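Structural overview
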Amino acid sequence: MGRPSHLVEFEHMVLGRHQMNMTAHREAGAMERSTYILLSRIQIEGPMSIGQLSEAFQLDASTLNRQTAQAVRAGLLERIADPEGGMARKFRLTGRGNRKLAEQRETQVGHLDRVFEDWPAGEVEAFADYLRRFNASIERLTGNPWPRS
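Now for a look at the structure at hand.

Looking at where Arg89 falls in the secondary structure, it is placed in the loop between strand S1 (77–80) and strand S2 (90–93). Residue Arg89 is classed as partly exposed on the basis of its relative accessible area of 40%. Separated by 41 residues in sequence, Arg89 and Tyr130 have C-alpha atoms that sit 37 Å apart. There is a polar contact of 3.3 Å between the side chain of Arg89 and the backbone oxygen of Arg79.

Take a look at the structure:
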C-alpha cells in the first residue's frame with residue numbers, strides 16, 4: 001500500500017462511509033448532523049454571530065443563515081443581543097436545544113459503547129487520544145482549532 005498514511009486514508013474513507021450510513025439510519029427525531037455540530041460549537045463557545053460561525057466552520061454566511069434559521073424554527077436556538085455589547089445579534093441554545101443536544105449526544109455515546117463493548121477501556125482511551133491528536137494536527141494546518149471543553 002505504500003506509506004502508512006495510505007492506510008490512514010483508507011480507514012478514514014471507510015469511517016466516513018460508516019458515519020453516512022449511521023446518518024441514513026437515524027432514529028426518529030434525531031437532529032441532522034450539521035445541526036448537532038452547530039449546536040455543539042455554540043454550547044462550547046457560548047453565543048455566536050453568523051460571522052463568528054462562518055469563520056469557525058469556514059462556511060459561507062448564507063449556508064449558516066439557513067442552518068441557524070432551521071434551528072431557530074425548531075426551537076433549538078434563539079437570537080439574542082450580543083452580551084458583550086456588539087452590533088451583531090448572536091445565537092444561543094434554548095433550553096430545548098440543550099436538552100435535545102444532550103439526548104443526541106447520549107444516543108451517539110450509546111452507539112459508540114456498542115462498538116467498543118469488547119475493547120478494554122485503556123484501548124478506547126488510547127483511540128480517543130489518537131483521534132484528538134489527529135484532529136489537532138488538522139486544526140494546526142488549517143489554523144482553525146475546535147474548542148474543547
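Along the chain, Asp82 turns up in the loop between S1 and S2. For Asp82, the side chain forms a polar contact with the main-chain nitrogen of Glu84, separated by 2.8 Å. Polar contacts involving the side chain of Asp82 include one to the main-chain amide nitrogen of Gly86, which spans 3.2 Å. With residues up to four places along the chain from it excluded, the contact list for Asp82 reads Ala88 and Lys90.

Turning our attention to helix H5 (residues 95–115). At 3.6 residues per turn, the α-helix brings residues three or four places apart onto the same side. Taking 1.5 Å per residue as the helical rise, H5 with its 21 residues ought to reach 30 Å, and the 30 Å between its terminal C-alpha atoms agrees with that figure. Every buried residue belonging to H5 is among Gly97, Leu101, Gln104 and His111, and all of these are buried. Down the axis of H5, the buried set is contained in an arc of 85°. They therefore lie on one face. Away from its buried face, by an angle of more than 90 degrees, H5 presents the exposed residues Arg99, Glu106 and Arg114.

Under the counting rule described, the total for this entry stands at four aromatic pairs. Aromatic side chains Trp119 and Phe127 sit 5.7 Å apart centroid to centroid with 70° between the ring planes, which places their arrangement in the edge-to-face category. Overall, the relative accessible area of 34% leaves Trp119 in the partly exposed class. Take Phe127: its relative accessible area is 34%, and that puts it in the partly exposed class. Each member of the aromatic cluster is reached from another via a ring pair, and the members are Phe116, Trp119 and Phe127. One residue, Arg41, lies across the ring of Phe57, its end atom 6.0 Å from the ring centre. The ring of Trp146 is capped by Arg41, whose NZ or CZ atom sits 4.6 Å from the centre of that ring.

Calculation notes
- Residues numbered from 1 in each chain as written.
- Predicted model: local features only at pLDDT ≥ 70, side-chain atom pairs only at ≥ 80, totals over all residues.
- Heavy atoms only, no water.
- Helix = DSSP H or I, 4+ residues; strand = E, 2+ residues; numbered from the N terminus.
- Buried < 20%, exposed > 50% of the residue type's maximum accessible area, 1.4 Å probe, protein only.
- Polar contact = N/O pair within 3.5 Å; in protein donor to acceptor, adjacent residues only side chain to side chain.
- Contact = heavy atoms within 4.5 Å.
- Expected span 1.5 Å × (residues − 1).
- Arc of directions from axis to C-beta.
- Phe/Tyr/Trp six-rings, centres within 6.5 Å; stacked < 30°, edge-to-face > 60°.
- Lys NZ or Arg CZ within 6 Å of the ring centre and 35° of its normal.

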